[in-house]
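Here is what each chain is made of, one letter per residue.
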Amino acid sequence: MRKLFLILSCIFGVLGIVFSALPMDTLAFLPIGLALVFGLLTLVKSEDHQKKIPKVVLFIGALCSAVVLGKTLLIKDEVATDTQFEQQKMETKKEAQKELEELEGLE
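The contact between helix α1 (residues 2-21) and helix α3 (residues 52-74) brings their axes to 10 Å, and the two run at 25°. When the axis of α1 is compared with that of α3, the two are roughly parallel. Crossing geometry of α1 relative to α3 is assigned as left-handed. Of the residues in α3, those touching α1 at L6, S9, C10, G16, I17, S20 and A21 are I53, V57, I60, C64, V68 and K71.

Below, the structure is given as structure tokens:
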């Protein structure tokens, strides 16, 4: 049972690292939480000399959760208006209107 918990905690730990690096926002807490749960279960099932790997998995899970929480709280998502694009759009519209007026004048 310990090996199963250890394998699951390692898999979810790796997924937690990947999800925390990607812009998944708080969705990354799911694999991190599962890695922490399975890491704790592995730690409980382990003997004294077998507790090194579960402690590493728990540390990685805590670090990833701190990174995700920091990214969520500290980084603000802002949408900036592109004034140059808006100006080009208006100019294109005016040019198209002038071309239509010229075509109407030719007929």
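All right, on to the confidence of the model for the protein chain then. Chain-level pLDDT for the protein chain is 89 on average; 99% of the residues reach the 70-or-more range. Within the protein chain, helix α4 (residues 83-106) has the poorest average pLDDT of any element, 87, and helix α2 (residues 29-45) the best, 93.

Using the criterion set out here, one finds two aromatic pairs in the structure. Ring centres of F12 and F38 lie 5.9 Å apart, and the angle between their planes is 10°; this geometry places the pair in the stacked category. With F12 in helix α1 and F38 in helix α2, this pair connects stretches of sequence that are 26 residues apart. What links up through ring pairs into an aromatic cluster is the set F5, F12 and F38.

Attention now goes to the side chain of R2. Here R2 is to be found in helix α1. Of the side chains with opposite charge, E47 lies nearest to the buried R2, which makes no salt bridge, at 7.9 Å. A polar atom in the side chain of R2 sits 3.0 Å from the backbone oxygen of Q50. Leaving out residues up to four positions away in the same chain, R2 has contacts with T42, K45, S46 and Q50.

Another point: α3. Compared with an ideal rise of 1.5 Å per residue, which puts 23 residues at 33 Å, α3 spans 33 Å between its outermost C-alpha atoms and is within 8% of the ideal. By the burial criterion, the buried members of α3 are P54, V57, L58, G61, C64, S65 and V68. As for α3, its buried residues are in contact with α1 and α2.

Turning our attention to the side chain of S46. Positionally, S46 belongs in the loop between α2 and α3. Here S46 falls in the buried class, since its relative accessible area comes to 7%. In terms of polar contacts, S46 uses its side chain to reach the side chain of R2, at 2.9 Å. In this structure S46 touches R2, K51 and P54, once residues within four positions along its chain are discounted.

Calculation criteria
- Residues numbered from 1 in each chain as written.
- Predicted model: local features only at pLDDT ≥ 70, side-chain atom pairs only at ≥ 80, totals over all residues.
- Heavy atoms only, no water.
- Axes fitted to C-alpha atoms, helices over the stretch in contact; angles between N-to-C directions.
- Helix = DSSP H or I, 4+ residues; strand = E, 2+ residues; numbered from the N terminus.
- Parallel < 35°, antiparallel > 145°, perpendicular 65-115°, else oblique.
- Left-handed = near helix turned anticlockwise from the far one by under 90°.
- Contact = heavy atoms within 4.5 Å.
- pLDDT = per-residue confidence, 0-100.
- Phe/Tyr/Trp six-rings, centres within 6.5 Å; stacked < 30°, edge-to-face > 60°.
- Buried < 20%, exposed > 50% of the residue type's maximum accessible area, 1.4 Å probe, protein only.
- Lys, Arg positive; Asp, Glu negative; His and termini not counted.
- Salt bridge = Lys/Arg side-chain N within 4 Å of Asp/Glu carboxyl O.
- Polar contact = N/O pair within 3.5 Å; in protein donor to acceptor, adjacent residues only side chain to side chain.
- Expected span 1.5 Å × (residues − 1).

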